[in-house]
Amino acid sequence: MPSKCTFGILWMEKYLYMITSLDVYRCIREYENVSSEKLLDFKKTSKNYKAYGLKRNPFPYVGVPEDAIPLYADRKKELKMIEEVIKSSLQNVSCHAALIGSYGNGKTHTLKYLKRQIENQLEDVVVVYISNPGDRVLSLYSNFMHEFGFQRLEELVWKFLEFATGEKSLRKKVNEGEVLLPEILEIGKRRLLNEIKYTDFATAFLKLTMEECKFLAWKYLCGESIISDYRRELDVVSAIDNDEKALRAFMSLKRILALLGNKLLCLLIDEFESIEYLHPILKQKILNGIRHLIDLNPQGFCLIIGCAPEVWVDIVKEYHAFSDRIFRQITLKALSEKDMRDFIAAYLKNSRLDDADPPNEIFPFTDDAITEIHRAAEGNIRRMLMICNQAIDAGIEHDIPEITSAKLRELLPDLFETVES
Ligand SMILES: Nc1ncnc2c1ncn2[C@@H]1O[C@H](COP(=O)(O)OP(=O)(O)O)[C@@H](O)[C@H]1O
Ligand SMILES: [Mg+2]
């Protein structure tokens, strides 16, 4: 039996042990905290840009245009030219253009901005942006349909049925049992087959009204392959599975749109330079297919392609039949120093605090910093945005009151060393 004293010693040992363990534990925690603070801190995200009179870093972290396009700077001359192309197309004669510019000079941004503007300003115009032409007319058609969207197509079929039957609010009436769907589909089919000769397309289009097979019809209309059982269910003979059928399907849709009052179908195809990677036969085929599309649509169609200059030069040289049909060529050149200053000012203005009173429109940058950025970016917008984005963050991080040319080199040595050397 241990004595009282032994108990006391044991207890003290245990107590001491606990204290030391706690200390060690605390030390480890502190070490962990200190080291994690020093190395990585994912929680500390919000920087305060107030010192520069800004709400946030005005320059994007990723040099890829958003769909909403919050800002469109400068490029007035080029926009005017595009405006002319759209206006000519609206006056009933199709007009097409190529938007030529090196990587990072604003082709995607311009096409997306154009889409938004057309949608906001014009009624009865359908504008579809496709990020890539794909490798054949069939894939172009497929991309077109996906961008056109299920909902828009579903609305279109009901609109068409209202047009064919002369009844209003048809969908509601069918849902409430006031009108029988098979009866109006019969009227719709008769009317539609007067207008378009592609029976399978017409059948699948009308099937978009039927809950049980509308997604199948949508898949079919997008040119996706569907098994024969499903085709039977849809009551169509063959799939839209080659360029010729894709063209006919596109023309059928355009006809339906025109019938319902659409004045213009505007197709914006980005990254046209990707056709350069196609086998020469495929390349020839897709260019021929698009040429065909242009020829089939002397009215109510406007095609604008975004393309890198190297590839466009080759197309002009080798594929006259295609390039001759694109009358307008609009070039997005690298920015001059003055243009770049305006661009930077526009981005800064877009993020200024309401109560900010900056010494000038380019603050926190100085004039010599703009010269330096222009030189390093070689007039390229994407590179300029990347430099400005990093400069602003580094400037705030290091409490730099004003970003001068010297400070830029100091803050971002990696970005400026190529210019130095
Ligand atoms: N006119 C403009 N106004 C504002 N930002 C632009 C403008 N043009 C391009 N940008 C921006 O520059 C970057 C590169 O443009 P982008 O359209 O992707 O170039 P490209 O498609 O020619 O490679 C993107 O972040 C884009 O948002
Ligand atoms: Mg692009």
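Refer to the structure printed above.
Residues numbered from 1 in each chain as written. Chains lettered and ligands numbered in written order. Predicted model: local features only at pLDDT ≥ 70, side-chain atom pairs only at ≥ 80, totals over all residues. Heavy atoms only, no water.

A.B. asks: How would you explain the pairing of strand β4 (residues 301-307) if you had to name every residue and give the values?
C.D. replies: In terms of burial, β4 is a largely internal element, seven of the seven residues being buried. A two-sided burial pattern is seen for β4, the buried positions comprising Phe301, Leu303, Ile305 and Cys307 on one face and Cys302, Ile304 and Gly306 on the other. With four bridges joining them, strand β1 (residues 97-100) and β4 adopt parallel strand pairing. Bridged to Ala97 within β4 is Ile304. For strand β3 (residues 264-269) and β4, the ladder comprises five bridges, and the chain directions are parallel. Residue pairing across strands places Ile269 opposite Ile305, the latter belonging to β4. After leaving β3, the chain enters helix α12 (residues 280-296) and then returns to the sheet as β4, a path that is right-handed. (Buried < 20%, exposed > 50% of the residue type's maximum accessible area, 1.4 Å probe, protein only. Helix = DSSP H or I, 4+ residues; strand = E, 2+ residues; numbered from the N terminus. Pairing = 2+ DSSP bridges. Right-handed = clockwise from strand over helix to strand, strands pointing away.)

A.B. asks: So what's going on with the site of ligand 1? Which residues, and what values?
C.D. replies: Taken together, 19 residues sit near ligand 1, with Gly104, Thr108, His109, Tyr347 and Arg382 positioned nearest. Within the backbone of Gly106, one N or O atom sits 3.0 Å away from an oxygen atom of ligand 1. According to the grid-proximity analysis, the pocket containing ligand 1 is the largest pocket. When the residues that make up the shell around ligand 1 are grouped by side-chain class, the tally is 10 nonpolar, seven polar and two charged. Counting contributing residues per domain, the shell around ligand 1 is built from domain 1 (50-66 + 335-420) and domain 2 (76-331), each supplying no fewer than three. (Near = heavy atom within 4 Å. Polar contact = N/O pair within 3.5 Å; in protein donor to acceptor, adjacent residues only side chain to side chain. 1 Å grid on protein atoms, 1.4 Å probe; cavity = no way out; pocket = protein on both sides within 12 Å on 5 of 7 lines; lining within 4 Å. Sits in = over half its atoms within 2 Å of the grid points. Nonpolar A, V, L, I, M, F, W, Y, C, P; charged D, E, K, R; others polar. Domains from an automatic or database assignment.)

A.B. asks: Any chance you could break down the nonpolar core for me, citing the residues and the numbers?
C.D. replies: With 77 residues, the main nonpolar core has Phe144, Leu153, Phe160, Phe201, Phe205, Phe272 and Phe322 as its most contacted residues. Excluding residues that lie within four positions of it along the chain, Leu153 makes contacts with Met145, Phe148, Phe205, Leu208, Trp218, Leu221 and Leu253. Of all hydrophobic cores here, the second largest spans 36 residues; its members include Tyr347, Ile362, Phe365 and Ile387. (Core = buried A, V, L, I, M, F, W, Y, C linked by side-chain atoms within 4.5 Å. Contact = heavy atoms within 4.5 Å.)

A.B. asks: An account of the packing of helix α15 (residues 337-350) against helix α17 (residues 381-397) is requested, with residue identities and associated values reported.
C.D. replies: Remark: α15 packs on α17, axes separated minimally by 11 Å, with the N-to-C direction vectors making an angle of 50°. By the criterion of interaxial angle, the relationship of α15 to α17 is oblique. Pair α15 / α17 crosses with right-handed handedness. Contact residues: Met340, Phe343, Ile344, Tyr347 and Leu348 in α15; Ile381, Met384, Leu385, Cys388 and Ile392 in α17. (Axes fitted to C-alpha atoms, helices over the stretch in contact; angles between N-to-C directions. Parallel < 35°, antiparallel > 145°, perpendicular 65-115°, else oblique. Left-handed = near helix turned anticlockwise from the far one by under 90°.)

A.B. asks: Can you break down empty space enclosed by the protein residue by residue, with the values?
C.D. replies: Under the definition given, this model contains one cavity of 30 Å³ or more. The computed volume of the largest cavity comes to approximately 70 Å³. Forming the boundary of the largest cavity are Val137, Leu140, Tyr141, Phe144, Ala246, Leu247, Phe250, Leu267, Gly289, Ile290 and Leu293. Those elements that provide at least two residues to the lining of the largest cavity are α4 (137-148), α11 (243-259) and α12. Ranked by residue count, the leading element in the lining of the largest cavity is α4, at four residues. (Points joined across faces, edges and corners; volume = space filled by probe spheres on them.)

A.B. asks: So what's going on with helix α8 (residues 199-207)? Residues and values would help.
C.D. replies: Judged by how many residues are buried, α8 sits mostly within the fold: eight of nine residues are covered. When we look at burial in α8, the residues that qualify are Asp200, Phe201, Ala202, Thr203, Ala204, Phe205, Leu206 and Lys207. Of the surrounding elements, those touching the buried residues of α8 are α4, α5 (150-165), α7 (181-195), α9 (214-221), α10 (228-234) and α11.

A.B. asks: Lay out the state of the cysteines in plain terms, naming residues and giving numbers.
C.D. replies: Under the criterion given, the structure shown has zero disulfides. Cys266 takes part in no disulfide bond, and the closest cysteine sulfur to it belongs to Cys302, at a distance of 4.0 Å. Take Cys266: its relative accessible area is 0%, and that puts it in the buried class. Of the residues examined, Cys302 reaches a relative accessible area of 0% and is grouped as buried. (Disulfide = S-S within 2.5 Å.)

That is the geometry; function is a separate question.
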